[in-house]
Amino acid sequence: MRWKGRRTSRNIEDRRMQSGMGRGGKAGGIGGVGIIAVLVIGYFLGVDVTPLLQSSGGGQVASQGGEITEADKQAGEFVSVVLGDTEEVWAEIFNEQVGRPYKPATLVLFKGGTQSPCGGASGASGPFYCPADKKAYLDTEFFTTLSRRMGASGDFAAAYVVAHEIAHHVQNELGILGQANKIRQQVSQAESNAISVRIELQADCLSGVWARYAQARFNSLEKGDLKEAINAAKQIGDDTLQRNAGRRPNPHSFTHGTSEQRQRWFATGYEKATVQSCDTFSTDRL
């Protein structure tokens, strides 16, 4: 992926310099997309995420930031460029397809752990978007996890992760995320999981739309980049994650979609390049 030398976003909140041993606080319940990310990444990595899922008191999230390495600095610059790309692309798409301005999200970089209105965040939670403050949260160490533990390496695989979280912000701006999460609170667990899958697959599709526009606008894709993103989508499919965790895939527990679904919806977004093509809530074939 060609990314160096391009505009960086001003909507980065870098908390890594604030991190230190002993900082932390009580973890509130993680809602919406955040809890899904915690559960999926948690069970795959074998991390006990129970303290992060408690709705009141008792859990502690300690920020264990440590020294900011050169790799951390480069990862931060990379994320800032990708975020800047999403801002320009979604501003264009909203103008052309939605008919109103796009209000960009803030992306919080942290190392070790931090707090959000949706609860505590740690390396175990993976990247997530919090609708309450319209911020995406990312520990850039996740890119190492993505590459080494999940088999999804490459700059564009990492860019797909950022684009996916910003896609949740797009859903929030369109009113889709709030409405879907409201319904999830009123239905059974199985029905809630099914809605969650549609949320996530739509975010994958919107990530594909972003990739198509980014290529046209910045000529940023290199040979093999799309394969990197599609492979990343494959590696974080519910069925693949459960198999890699030594479990038999259980469709009733899926919250993100299968590897095949995630790949296909990303490809759909890239090929059709419209928000309308990403309507996962009206189709019978996910």
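Residues numbered from 1 in each chain as written. Predicted model: local features only at pLDDT ≥ 70, side-chain atom pairs only at ≥ 80, totals over all residues. Heavy atoms only, no water.

If you check an unreviewed UniProt entry, the chain appears there as Neutral zinc metallopeptidase from Litoreibacter ascidiaceicola. Quoted straight from UniProt, the Subcellular location (unreviewed entry) entry for the chain says "Membrane". (UniProt positions renumbered as here; feature names shortened; annotations may be inferred.)

Novice: Sorry if this is basic, but what is going on with the confidence of the model for the chain here?
Specialist: Parts of the prediction with low pLDDT should not have their coordinates interpreted in detail. Confidence in the prediction for the chain averages 82 pLDDT; 79% of positions are at 70 or higher. Predicted confidence is poor over residues 19-64, with pLDDT under 50, and the contacts of this stretch with residues over four places away or in other chains come to 114 contacts. (pLDDT = per-residue confidence, 0-100. Contact = heavy atoms within 4.5 Å.)

Novice: Looking at this model, I keep getting lost on the state of the cysteines. Mind explaining?
Specialist: Chemically, a disulfide is nothing more than a covalent bond linking the sulfur atoms of two cysteines. Summed over all chains, the structure comprises two disulfides. Paired through a disulfide, Cys118 and Cys130 show a sulfur-sulfur distance of 2.1 Å. Note on the Cys118 and Cys130 pair: the S-S dihedral is about 90°, so by sign convention the disulfide is right-handed. Of this pair, Cys118 sits in the loop between strand E5 (113-116) and strand E6 (119-122) while Cys130 is found in strand E7 (residues 128-130), placing the two residues 12 residues apart along the sequence. Disulfide pairing places Cys205 opposite Cys278 at an S-S distance of 2.1 Å. Residues Cys205 and Cys278 share a disulfide whose torsion about the S-S bond is about -75°; that sign makes it left-handed. Highlighted residues: Cys205 in helix H7 (residues 189-218) and Cys278 in the segment after helix H10 (259-272), separated in sequence by 73 residues. For Cys205, a relative accessible area of 0% gives the class buried. Looking at the chain, its bonded cysteines, counted consecutively from the start of the sequence, adopt the pairing 1-2, 3-4. (Disulfide = S-S within 2.5 Å. Helix = DSSP H or I, 4+ residues; strand = E, 2+ residues; numbered from the N terminus. Buried < 20%, exposed > 50% of the residue type's maximum accessible area, 1.4 Å probe, protein only.)

Novice: Looking at this structure, how should I read the pairing of strand E4 (residues 106-110)?
Specialist: Along any regular strand the residues' side chains alternate between the sheet's two faces. Burial within E4 is extensive, with four of its five residues counted as buried. Relative to E4, strand E1 (residues 12-14) runs parallel, the two being bridged by three bridges. In the sheet register, Glu13 faces E4, and the bridge partner there is Val108. Note: E4 against strand E8 (residues 135-139), five bridges, orientation parallel. For Val108, the partnering residue across the bridge sits in E8 and is Tyr137. (Pairing = 2+ DSSP bridges.)

Novice: Just checking my understanding: could you explain the sheet that holds E1 for this structure?
Specialist: Strand pairing in a sheet relies on backbone hydrogen bonds, with the paired strands running either antiparallel or parallel. The mixed open sheet is built from four strands, whose spatial order is E1-E4-E8-E7. At either end of the open sheet lies a strand with only one pairing partner, and these are E1 and E7. If you compare each strand with its neighbour and ignore which way they point, the axes differ by 25° on average. Taken strand by strand, helix H3 (residues 70-98) contacts E1, E4 and E8, and its axis lies near 170° from that of E4. Each of E4, E7 and E8 touches helix H5 (residues 155-173); the most contacted strand, E7, lies at about 25° to it. (Axes fitted to C-alpha atoms, helices over the stretch in contact; angles between N-to-C directions.)

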